[in-house]
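# Observations on the model geometry
The residues making up each chain are set out below.
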Amino acid sequence: MKQSISLILAFVFTLSLSAQIKMTVNAKQVGAEIQPDMYGVFFEDINFGADGGIYAELIKNRSFEFEHPFVGWTPFGDVVIKSTDPCFDKNPNYVRISGKGLRTFSGLENTGFKGIGIKKDAEYRLSFYARAEEGKTIKLKLEIVNSNNDPIAVKNIDISGAEWSNHTTTLTANSTDAHCKFRLMVENWGYIEMDHISLFPVDTWKGRENGLRKDLVQALYDLTPGVFRFPGGCIVEGNTVESRYQWKNSVGPVENRPLNINRWNYTFKHKFFPDYYQTYGLGFYEYFLLSEDLGAEPLPVLNCGLACQYESKELVALEDLEPYIQDALDLIEFANGNTSTKWGKLRAEMGHPAPFNLKYLAIGNEQWGEIYVERLQRFIDVLGKKHPEIELIGSSGPQPDGKDFEYLWPKMKKLNVALVDEHYYRSPEWFLKNAGRYDSYDRNGPKVFAGEYAAHPQNRANNFEGAIAEAAFMTGLERNADVVKLATYAPLFAHIEAWQWRPDMIWFDNLECVRTPNYFVQQMYGTHSGTNILSISADNLDLKGQDGIYASSAIDKNKTEVIVKVVNTNAESKELTLSVEGLKKGLKSNLAQITMLQSNDLQVENTLDNPLNIIPQNFTETVTGNTMKLKLAKNSFYVIRFKY
Ligand code: AHR
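The rules behind each value
- Residues numbered from 1 in each chain as written.
- Predicted model: local features only at pLDDT ≥ 70, side-chain atom pairs only at ≥ 80, totals over all residues.
- Heavy atoms only, no water.
- Axes fitted to C-alpha atoms, helices over the stretch in contact; angles between N-to-C directions.
- Helix = DSSP H or I, 4+ residues; strand = E, 2+ residues; numbered from the N terminus.
- Parallel < 35°, antiparallel > 145°, perpendicular 65-115°, else oblique.
- Left-handed = near helix turned anticlockwise from the far one by under 90°.
- Contact = heavy atoms within 4.5 Å.
- Pairing = 2+ DSSP bridges.
- Salt bridge = Lys/Arg side-chain N within 4 Å of Asp/Glu carboxyl O.
- Buried < 20%, exposed > 50% of the residue type's maximum accessible area, 1.4 Å probe, protein only.
- Polar contact = N/O pair within 3.5 Å; in protein donor to acceptor, adjacent residues only side chain to side chain.

The next point concerns the packing of helix H10 (residues 464-479) against helix H11 (residues 517-527). The N-to-C vectors of H10 and H11 enclose an angle of 20 degrees; their axes lie 8 Å apart at closest approach. Relative to H11, H10 is oriented roughly parallel. The way H10 lies across H11 gives a crossing that is right-handed. Listed contacts from H11 to Phe 464, Gly 466, Ala 467, Glu 470, Ala 471, Met 474, Thr 475 and Glu 478 of H10 are Pro 517, Asn 518, Val 521, Gln 522 and Tyr 525.

See below:
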């Protein structure tokens, strides 16, 4: 009996010991610099992320250029598509609406992107180009109708003049509805021709016309991203060479940017297709501007002469690559050139005489094989000489390991690219096991750009299981900040009614958005990145996942803070004793500032209806001398900050 009691006591003692963790930060061992732009965002027009998403245009197919020109529109009465003597040479289609009097309306109705989101009392700017039948004044009725087909905003406008001219008016709605339609009708006899029929909220991000959805940009802004990678992703490659993203088509007057099919068009389950196109209204100029607004380094990705290697596999012959390389040179001029250069001048005309200070450029997205290396080599030969100031980024293929990856890394070293783009969409288990992935990377070769990554739990949910795995993995990115220079989660946005890929960082409908647990992980890293790595160790734990515990530490010399990130992936709490040693004058405050992301249930998600299920909690904890005690809750991620 006595023996079994002492056995039980020994067992309980061992258990309570194992629930105790003692960690020490050594502030004397200041390591490599953490790039200020390390944590960023990757933007691609997938899941209606651009058109129908952050790009605030509310009219779908505003220029009638979709393959089926009435997609998005319901014509009624006498309405035809024409293209003779167009208003815009690169978007030549327009519509002719012939009125037959008040009782037989002719007109059009637009369904927007899964409806048009309209807010009560908000103003909407309608603009269009029109010419009326010679000698006639055409009476137009403009309406926003709600999901019951009741008009909630109405305006009448008269149009005359047989030459193309631009018209603008505003509409204010008397109620809110996420699924409105826009309707226009001719009320008298005579025809009118119309093109580029566009409706924007007046209240866009920074109030810009041709602007961006304020709530979505705000969500990006709140991440304090250091780098902004655009415009993709697979859309850079296109399904075919012809449908690749061509940045020159995305600049200049918005009305004359030629439409391009979206490479993600065909991947919807529920669809009337082809209905997913890129208007390029959000084009390279707007991407640069957005990067600037966010305080992020712009990081464009250009096509390298290869279409999607999963799809058409089309390639451009090496001897025909010159225009692609010229596109890269011209892009650098567009971003950085002075205003007397051709492309610098266009930037100035578009409203930004000052350079955008481009320093990164990726050639190719997720390419692989010898065909990629040969093409990249051609770009490097020219760009390396003409623009040694630009850091060129090469790809390591679509997987973070395996044949293509093993082939490409040595090639990238040989080509001497500045950074190698790695992509990993893997299970949470993979992320948990790979926190030490970069510990053994070559310190002398190219640096790593984790250009696309996300943990994919079962059903690919945006739940806490994925988020905590990413938080754990990212301690390894931070610990290796001398090798991993940039990291961008992917994809960024998804429309709840029009998506084809998940998980994603931010979900939205036509009126609101929701920040996922994955978003908050990114935000906690982005807002507390620090300036240098610090050494952190624990008694009996490697802090790379042993016993489910992960940790990293940094110093922020500007904010004079020691920052510790700790992840407890266990289904039980742990007692942490954390000491900061090696500070000349010790800590300045006896309170540590703590931000915690935690959930008892790993399957929990944030939704539009319940956006606050998982959000960071802020609190303080007493520090005695240089030591703080903290109970690490089950399934939890902490950022702990000590002022020194
Ligand atoms: O992020 C979604 C897609 O994943 C990207 O377009 C592509 O680069 C990767 O395969």
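Attention now moves to the sheet that holds strand E14 (residues 227-230). Ordered in space as E2-E14-E17-E18-E19-E20-E21-E22, the eight strands form a closed barrel in which the pairing is parallel. Between one strand axis and the next, the sheet turns through 25 degrees on average, direction left out of account. Note: strand E20 (residues 419-426) against strand E21 (residues 447-455), eight bridges, orientation parallel. The residue bridging Tyr 425 from the neighbouring strand is Ala 454, located in E21. Contacting strand E2 (39-42), E20, E21 and strand E22 (484-489), H10 runs over the sheet at an angle of about 170 degrees to E21.

Any two side chains of opposite charge can pair if their charged atoms end up close together. Applying the stated criterion to the full structure yields 37 salt bridges. Between Lys 544 and Asp 439 there is a salt bridge whose closest N-O contact spans 2.7 Å. With a gap of 105 residues between them, Lys 544 in the loop between strand E26 (532-538) and strand E27 (549-556) and Asp 439 in the loop between helix H9 (428-433) and E21 connect regions that are remote in the sequence. Residue classification places Lys 544 among the partly exposed positions, given a relative accessible area of 34%. With relative accessibility at 27%, the residue Asp 439 sits in the partly exposed group. Salt bridges sharing common partners tie together Glu 109, Lys 141, Glu 143, Lys 181 and Arg 183.

A few words on the environment of Ser 340. If you trace the backbone, Ser 340 turns up in the loop between helix H5 (322-336) and helix H6 (342-349). Of the residues examined, Ser 340 reaches a relative accessible area of 61% and is grouped as exposed. Looking at Ser 340, its side chain comes within polar contact range of the side chain of Asn 338, at 2.4 Å.

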